[in-house]
Amino acid sequence: MGSAKTFPQELELFAIEAMRRYGLREDDARLSAHILVLTDTWGVHTHGTRQLRPLLKNFPIGRLSAEANAEVVREGGAWALMDGHHSVPFVTAHRAMELAIQKAKTVGLGYVGVIHTSHFGAAGYYATMAAEQGMIGLAMCNADPNMVVPGGRGKVLGTNPIAYAVPNGKNKPVFLDIATSAAAANKIIRAKLLGQSIPEGWLVDAEGKPTTDPSGFPESGALMPMAAHKGYGFALLVEVLSGVISGAALTREQPSWIPNMPNNPPGPANQGQAFIAIDAGMMLSPEEFAGRMEWLSDYIHATPTAAGTDRIYLPGEIEWDKREKALQEGMILPPDVVDSLTGLAQDVGIDKLPFVAIDG
Ligand SMILES: NC(=O)c1ccc[n+]([C@@H]2O[C@H](COP(=O)([O-])OP(=O)(O)OC[C@H]3O[C@@H](n4cnc5c(N)ncnc54)[C@H](O)[C@@H]3O)[C@@H](O)[C@H]2O)c1
């Protein structure tokens, strides 16, 4: 099928019903649907409701549990370690960031690590939770290896995403939400399916040589880090802050959260995730912080534009604009999302699809 038009509320109701049919609790289904659909409204369709079908397949085979609850297993004043117990990962990540925010409200900083958990979708969602409460938020996780390191060959590190969000006075929070690879794996797989070549700098072949031919991936070859050694260095930092420090599985020990991936180590995903909140008003007052961020935003917005460019964006602005539009006018789901949701509807026996085809 091709693209399709949907409205956020319609998509959310569909996602909740699909999760109910997999046995998830009502509150868990509602929160998870909210997170995934909000991600779609940002235009980040790679990590919105498209992810629900493969994630839900983990429940009937015991890699995730609909009954389990995350639990704090160790903590200090400014930090905590949470065991996800393989419960619904969006809910665990939400609880972890809530705890980080609570600690930051008390002592200025909060850092919560999570183990025994799985795919949380877009890191940016959790970072913006903190920014909505006057905190600078950071969220990140390690993932199963898909990325080469400079000078090497083969898959060594995950695409280890990292997001930050900053309260911005009267404006929506500034936020950057990125993988540490140059491009997402599914962009390469999409090009392969369409028989297209990919830009330079995205992929290396089995020998570790850069290639624009995606046909061998993911069976061989590996993603390249963003900005060469700089992305590699950040991916390593994410591995440390989310995985090494917490006791989660590292790199090649990390099973993919997608069941039945080739060469997957046995057992459920045991991702390490980290959620950090920093009280933005702890050094100056919250009002002074807001005023200074607004000044900085105005300063950046006033940058003279390059030829052919209409405006300057702060990180996150493109997503907030898309969300505003999606809430008012609905949104267009790309074909791979439509296919994933159609498959999910078939899996759980929902007849009415939450979108209307617009082509294909
Ligand atoms: N959970 C996981 O295992 C996992 C793994 C990898 C990626 N992800 C998610 O994938 C998503 C996409 O990652 P990506 O690396 O493809 O992101 P991307 O390269 O599309 O970059 C998106 C970020 O760049 C900012 N941006 C884009 N253009 C801009 C401009 N002109 N000016 C200012 N800012 C601009 C956006 O506001 C956004 O914050 C993220 O949500 C990430 O968390 C998740």
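Predicted model only: the values in this text are computed from it and were never measured.

Right, let's talk about the overall build of the chain for a bit. When its secondary structure is counted, the chain shows ten helices and 13 strands. In terms of C-alpha radius of gyration, the chain reaches 20 Å, essentially the compact-globule figure of 21 Å for 360 residues. Along the first, second and third principal axes, the C-alpha set of the chain runs to 55 × 55 × 45 Å. Within the chain, the proportion of its 360 residues that are buried is 47%. Considering only contacts within the chain whose residues lie at least 6 apart along the sequence, 65% involve residues at least 24 apart.

It is worth spelling out the sheet that holds strand S6 (residues 162-168) at this point. Strand order in the open sheet made by the seven strands is S2-S3-S4-S11-S5-S6-S7, with mixed pairing throughout. Only two strands of the sheet have a single neighbouring strand rather than two, namely strand S2 (71-75) and strand S7 (171-178). This sheet shows a mean twist of 15 degrees between the axes of neighbouring strands, independent of strand direction. Docked against the sheet, helix H4 (residues 89-107) engages strand S3 (79-83), strand S4 (109-117), strand S5 (135-141) and strand S11 (271-279), running at close to 160 degrees with respect to S4. Relative to S5, helix H5 (residues 123-131) is tilted by about 160 degrees, and along the sheet it contacts S5, S6, S7 and S11.

Our focus in this paragraph is the domain arrangement of the chain. What the domain assignment reports for the chain is domain 1 (1-56 + 330-360), domain 2 (68-179 + 226-329) and domain 3 (182-224). In this structure, domain 1 and domain 2 have C-alpha centres spaced 23 Å apart. Taken together, the contact between domain 1 and domain 2 spans 19 residues of the former and 16 residues of the latter. The element contributing the most residues to the side of domain 1 that touches domain 2 is helix H2 (residues 26-41), with eight residues. In the side of domain 1 that touches domain 2, the residues fall into eleven nonpolar, seven polar and one charged.

As a further point, take the pairing of S5. Taken residue by residue, a regular strand's side chains alternate between the two faces of the sheet. Burial within S5 is extensive, with seven of its seven residues counted as buried. Across seven bridges, S5 lies against S11 in antiparallel orientation. Each bridged residue has a counterpart across the sheet, and for Met135 the counterpart in S11 is Asp279. Where S5 and S6 come together, four bridges link them in antiparallel fashion. Within the sheet, the bridge partner assigned to Met140 lies in S6 and is Ile162.

What follows concerns the nonpolar core. Formed by 98 residues in total, the largest nonpolar core has its most connected members in Ala15, Met97, Ala100, Ala127 and Ala130. A total of nine residues in this core trace back to one element, the largest contributor, which is H4. Ala100 has contacts with Gly110, Tyr111, Val112, Phe275, Ile276 and Ala277, leaving out every residue within four places of it along the chain.

On to the sheet that holds strand S13 (residues 356-357), then. In a beta sheet, neighbouring strands are held together by backbone hydrogen bonds and run either parallel or antiparallel to one another. The strand order across the open sheet formed by three strands is S12-S1-S13, and the pairing between neighbours is antiparallel. With one partner strand each, in any of the chains shown, strand S12 (331-333) and S13 form the two edges of the open sheet. Summarising the sheet, strand S1 (residues 4-6) and S13 pair through two bridges and their orientation is antiparallel. Pairing of Ala4 across the sheet is with Ala357, part of S13.

Moving on: unusual backbone geometry. Cis geometry is found at the peptide bond from Phe217 to Pro218, where omega equals 10 degrees. Here Pro218 is to be found in the loop between strand S9 (210-211) and strand S10 (222-223). Positive phi, normally seen in glycine, also occurs at His86, with a value near 55 degrees. Mapped onto the elements of the fold, His86 is located in the loop between S3 and H4. Backbone geometry places Ala227, a non-glycine residue, at a positive phi of 50 degrees. Of note, Ala227 is situated in the loop between S10 and helix H7 (229-244).

The rules behind each value
- Starting from 1, residues in each chain are numbered consecutively following that chain's sequence as written.
- In keeping with the predicted nature of the model, local features appear solely for residues at pLDDT of at least 70, side-chain atom pairs appear and are counted solely at 80 or more, and the whole-chain, interface and lining totals rest on all residues.
- Helical segments are the DSSP runs of H or I of at least four residues, strand segments are the runs of E of at least two, and each set is numbered from the N terminus.
- Here the globule rule reads 2.2 Å times residues to the power 0.38, and the radius of gyration is calculated from C-alpha atoms.
- In this scheme every C-beta is placed from the backbone, and a residue whose C-beta has 20 or more other C-beta atoms within 10 Å is buried, one with 12 or fewer is exposed, and one in between is partly exposed.
- A pair of residues counts as a contact when their C-beta atoms, built from backbone coordinates, are within 7 Å of each other.
- Note on pairing: DSSP must find at least two bridges between two strands before they are called paired.
- A fitted line through C-alpha atoms represents every axis, and for helices the fit uses only the stretch in contact; the resulting angles, taken between N-to-C directions, go from 0 to 180 degrees.
- Residue ranges for the domains trace back to a domain assignment, done automatically or taken from a database.
- Residues were grouped as follows: Ala, Val, Leu, Ile, Met, Phe, Trp, Tyr, Cys and Pro as nonpolar; Asp, Glu, Lys and Arg as charged; and all remaining residues, including Gly, as polar.
- The term nonpolar core refers to a group of buried residues, namely Ala, Val, Leu, Ile, Met, Phe, Trp, Tyr and Cys, whose C-beta atoms join them within 7 Å.

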